[in-house]
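Breakdown of the fold
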Amino acid sequence: MLEISQLHVAYGHAHVIHGIDLVVKPGEMVFIVGRNGAGKSTLLKTIAGLIKPASGGIRFEGRSVVGEAPEKLARSGFRFVAQDKKVFSNLSVRANIALAAHGSGTPVEQAWSKAVQLYPKLDEFRELPAGRLSGGQREILLIGRALTGTPRLLLIDEPTEGLAAIVIEDIFRILNGMRHTLSFIIVEQNLSVVTRLADRIYVMKEGQIIREITHRGELTDTAQLEAYL
Ligand SMILES: Nc1ncnc2c1ncn2[C@@H]1O[C@H](COP(=O)(O)OP(=O)(O)OP(=O)(O)O)[C@@H](O)[C@H]1O
Ligand SMILES: [Mg+2]
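As a starting point, this report considers the structure included with it.

What counts and how
Residues numbered from 1 in each chain as written. Chains lettered and ligands numbered in written order. Predicted model: local features only at pLDDT ≥ 70, side-chain atom pairs only at ≥ 80, totals over all residues. Heavy atoms only, no water. Donors = N, O, S within 2.8 Å, 3.2 Å for Na, K, Ca; no water. Helix = DSSP H or I, 4+ residues; strand = E, 2+ residues; numbered from the N terminus. Buried < 20%, exposed > 50% of the residue type's maximum accessible area, 1.4 Å probe, protein only. Contact = heavy atoms within 4.5 Å. Salt bridge = Lys/Arg side-chain N within 4 Å of Asp/Glu carboxyl O. Near = heavy atom within 4 Å. Polar contact = N/O pair within 3.5 Å; in protein donor to acceptor, adjacent residues only side chain to side chain. Areas by Shrake-Rupley, 256 points an atom, 1.4 Å probe, with all protein chains shown as cover. Phe/Tyr/Trp six-rings, centres within 6.5 Å; stacked < 30°, edge-to-face > 60°. Lys NZ or Arg CZ within 6 Å of the ring centre and 35° of its normal.

The next point concerns the coordination of the magnesium ion (ligand 2). The coordination sphere of the magnesium ion (ligand 2) contains the protein donors Ser41 (OG) and Gln83 (OE1), at a distance range of 2.0 to 2.3 Å. Highlighted residues: Ser41 in helix α1 (residues 40-47) and Gln83 in the loop between β6 (78-81) and α3 (93-104), separated in sequence by 42 residues. Taking relative accessible area as the criterion, Ser41 reaches 18% and is therefore assigned buried.

Take a look at the structure:
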């Protein structure tokens, strides 16, 4: 459903992504791992349309989408959850979802029930300013928000970063529950999460993919992955 070929991305003169090829098949959960500064966030932002690549192709369901604006990609079903876990802090949890619903022309009630289905506790927090949520709850709210409308490809940048072990398990269960319902590219450093969920893993280093893992036995080999991090 997504096909990236020979992607190059630069910030001014700083060349950060050096010719990446990557595919996501329908319903697949693809993970990207790699050290700090490898270019993982840059890659996700480029796919989401927030950064224009210097060159290379991005095809979504056979159609070239390279250079398309984020709003247009969102209408095609692209959803991006950024690494910074930023919510509208002063707005209530429900208003955060409502805003996304308005943006995509979705009935608020429908968007809200999808989010609550994901994590029933959100209903207890519905009137709470979103800034008062814990990091994990904020991440869940952002994932819930990304499900508004008709998502096809969910791009999530480090969903478990900085979270306590017990909350990481909540995130794991949520991701696991969504498996196969849409396609995913997830940047993740927690190898226990990666190896329990991945259909395919790409290892990034210095702006390149240095390894693609698709073989079942290798997908669960935490020790092998550790060597790359
Ligand atoms: N806005 C920017 N302007 C210039 N350089 C940037 C910008 N954002 C990132 N970079 C540089 O691009 C490289 C890749 O950064 P990126 O954030 O994509 O890495 P990452 O793999 O997501 O790292 P981390 O694991 O720390 O999140 C780094 O050298 C970084 O300093
Ligand atoms: Mg990053």
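So, next bit.
This part covers the environment of Ala146. Inspection of the secondary structure assignment puts Ala146 in helix α5 (residues 135-146). A sequence separation of 72 residues divides Ala146 from Ala74, and the C-alpha atoms of the two residues are 9.7 Å apart. Dropping the residues within four chain positions of it, Ala146 is found in contact with Arg79, Val81, Pro151 and Leu154.

Right, let's talk about the pattern of salt bridges for a bit. For the coordinates displayed, the defined rule picks out 13 salt bridges. Put simply, Glu61 and Arg152 hold a salt bridge, and the shortest N to O gap is 2.5 Å. One end of the pair, Glu61, is in the loop between β4 (55-60) and β5 (63-64); the other, Arg152, is in the loop between α5 and β7 (153-157), and 91 residues separate them in sequence. Overall, Glu61 belongs to the partly exposed group, its relative accessible area being 44%. Between Arg63 and Glu68 there is a salt bridge, with its nearest N and O atoms 3.0 Å apart.

As a further point, take the site of ligand 1. Residues in close proximity to ligand 1 total 13 residues, the closest being Gly37, Gly39, Lys40, Ser41 and Thr42. Asn36 is positioned with one of its side-chain polar atoms (N or O) 3.0 Å from an oxygen atom of ligand 1. In this structure, Ala38 approaches ligand 1 through a main-chain N or O atom, which is 3.1 Å from an oxygen atom. Taking 640 Å² as the accessible area of ligand 1 by itself, protein coverage stands at 57%.

Across all of its chains, the model carries one aromatic pair by this definition. On the basis of an interplanar angle of 65° and a centroid distance of 4.7 Å, the ring pair of Phe60 and Phe78 is categorised as edge-to-face. Placement of Phe60 in strand β4 and of Phe78 in strand β6 is noted, with a sequence separation of 18 residues between them. Overall, the relative accessible area of 4% leaves Phe78 in the buried class. Across the ring face of Phe172, the terminal group of Arg196 is positioned such that the distance to the ring centre comes to 3.9 Å.

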